[in-house]
Amino acid sequence: MKTTAGVIIEADKVADLETKGVGTLTKQTDGVVKYNLANFHLQRILNNNTRNKSITLLGCFPEQSDTDKAVVIFEKQAFRESEVATESDKSGKQLLEKNYEDNVKETSPIYQCVPPVELSVVKTTVVYPASQKHIEKYTVCQKYIISETPELYEEITLPYISTSQHSLEWVYNILDHKQEVERIVYEDPDPETGFILLPDLKWDGRTLETLYLLVITHKRGIKSLRDLNAHHLPLLRNVRSRAAEAIEKRYGLLSAQLRMYLHYQPSFYHLHIHINPIRNDAPGIWCEKSHMLDTVINNLELIENYYQKATLPFVLHEGNELLEQYELKMSIRRAPKHLAEKYNEKDETSSSKKLKLDDITTSEVVSK
């Protein structure tokens with residue numbers, strides 16, 4: 001298995017990981033932390049995503065700490081169109097010029113071919129030390145939609161953010177050019193409307209088809225969508241236009257080919273915007289998670305304090321502390337009593353009795 005460079009998040013710092021011939025976490029030079037994955041002690045599998053061709057592992061590096069957790073993600077890389085030769089471009093022959101004959105499996109009239117090992121490229125990501133929020137993020141578990149009213153935001157969400165958010169030091173280090181300077185794609189230094197554009201950790205840095213960039217605004221104090229108002233329109237418009245120009249110049253993609261959006265809830269509470277090609281089904285683009293930048297701008301043009309008045313949906317994972325806070329206020333995970341009884345009934349004619357949709361009346365669906 002060939003492994004490409006991945007990413008380490010260590011003590012809220014970002015560094016490059018070379019998984020070939022690296023030492024254990026005993027040397028740190030110029031902010032680059034190196035790990036030897038041979039010393040990773042696996043505790044359990046958090047997720048095996050067959051659609052994204054990735055597997056996420058939970059464990060630790062015993063020689064460093066017996067208590068600090070580590071999350072390791074192995075992900076198969078997407079194909080690059082440049083790897084396939086065409087009549088007009090004979091430079092991309094990596095996939096088609098390899099010898100597959102010894103690996104051909106015939107299941108007439110279909111032939112299955114196993115490519116040479118050098119074409120099996122895997123991206124590796126290490127999160128260390130991994131917090132409980134990191135573990136929850138990468139674990140397969142039940143998910144619930146919360147319809148957050150402005151009142152619920154002030155009463156539950158905001159106090160939770162104020163007491164439990166991760167340190168933003170790594171964000172400020174990027175903005176202050178203390179880290180990641182060499183990765184910056186574009187920067188507008190204006191303190192009010194400026195931003196830094198750089199590759200997101202999800203991108204391998206090579207495959208244009210899976211391009212994933214992140215905008216981090218210079219203006220501090222904007223935690224999320226909830227804090228935005230009409231006074232921030234110059235900032236949002238500047239991001240939309242300048243980022244699109246920089247991406248077209250650097251990567252050749254038009255603004256009409258790009259998806260620009262914000263997450264709610266975000267993974268960290270400093271205003272940032274995600275950008276990737278429309279053709280790429282990137283993680284986190286679901287309707288209950290993402291808010292298109294164009295829509296955000298339009299909402300604020302119509303109503304200057306739209307996001308202080310709106311009810312915003314977001315998703316919480318089982319085990320998330322914020323979910324527990326909402327559970328104290330309303331019933332989220334408890335099914336109506338008589339429905340639970342129906343599921344528990346023994347059916348003599350079938351061992352897998354199904355509940356019909358007609359059995360649930362509108363009076364049984366309560367909106368809190």
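Residues numbered from 1 in each chain as written. Predicted model: local features only at pLDDT ≥ 70, side-chain atom pairs only at ≥ 80, totals over all residues. Heavy atoms only, no water.

1. What about the pairing of strand S13 (residues 195-199)?
1) Next: For S13, a buried count of 5 out of 5 residues is recorded, marking the element as mostly surrounded by other parts of the structure.
2) Next: Bridge count between strand S12 (residues 186-188) and S13: 3 bridges; the pairing is antiparallel. Bridge pairing in S13 places Tyr186 opposite Leu197.
3) Next: Connecting S12 to the antiparallel partner S13 that follows it, the hairpin turn spans 6 residues.
4) Next: Sheet analysis places S13 next to strand S14 (residues 213-217), joined by 5 bridges and oriented antiparallel. Note on S14: the bridge partner recorded for Leu197 is Val215. (Buried < 20%, exposed > 50% of the residue type's maximum accessible area, 1.4 Å probe, protein only. Helix = DSSP H or I, 4+ residues; strand = E, 2+ residues; numbered from the N terminus. Pairing = 2+ DSSP bridges.)

2. Points about helix H2 (residues 150-164)
1) Next: Look at H2: 20 Å from first C-alpha to last across 15 residues, which is about the 21 Å you get at 1.5 Å a residue.
2) Next: Maximum bend of H2: about 35°, positioned at Thr157, with proline Pro159 one to four residues after it.
3) Next: Of the surrounding secondary structure, the elements contacted by the buried residues of H2 are strand S11 (143-148), helix H6 (306-309), strand S18 (312-317) and helix H7 (321-329). (Expected span 1.5 Å × (residues − 1). Bend = angle between axes of the 7 residues up to and from the residue. Contact = heavy atoms within 4.5 Å.)

3. Here's the deal with the side chain of Glu180
1) Next: Within the secondary structure, Glu180 sits in the loop between helix H3 (169-175) and S12.
2) Next: Here Arg183 takes part through its side chain, which lies 2.6 Å from a polar atom of the side chain of Glu180. (Polar contact = N/O pair within 3.5 Å; in protein donor to acceptor, adjacent residues only side chain to side chain.)

4. A closer look at the pattern of salt bridges
1) Next: Applying the stated rule across the entire model yields 10 salt bridges.
2) Next: Between Glu148 and Arg226 there is a salt bridge, with the nearest N and O atoms lying 2.9 Å from each other. Of the two residues, Glu148 sits in strand S11 while Arg226 sits in the loop between S14 and helix H4 (233-251), which places them 78 residues apart along the sequence. The exposure classification of Glu148 matches that of Arg226, with both residues buried.
3) Next: For Glu180, the salt bridge identified is with Arg183, shortest N-O distance 2.6 Å.
4) Next: The exposure class of Glu180 is buried, given its relative accessible area of 9%. (Salt bridge = Lys/Arg side-chain N within 4 Å of Asp/Glu carboxyl O.)

In short, geometric facts, not functional conclusions.
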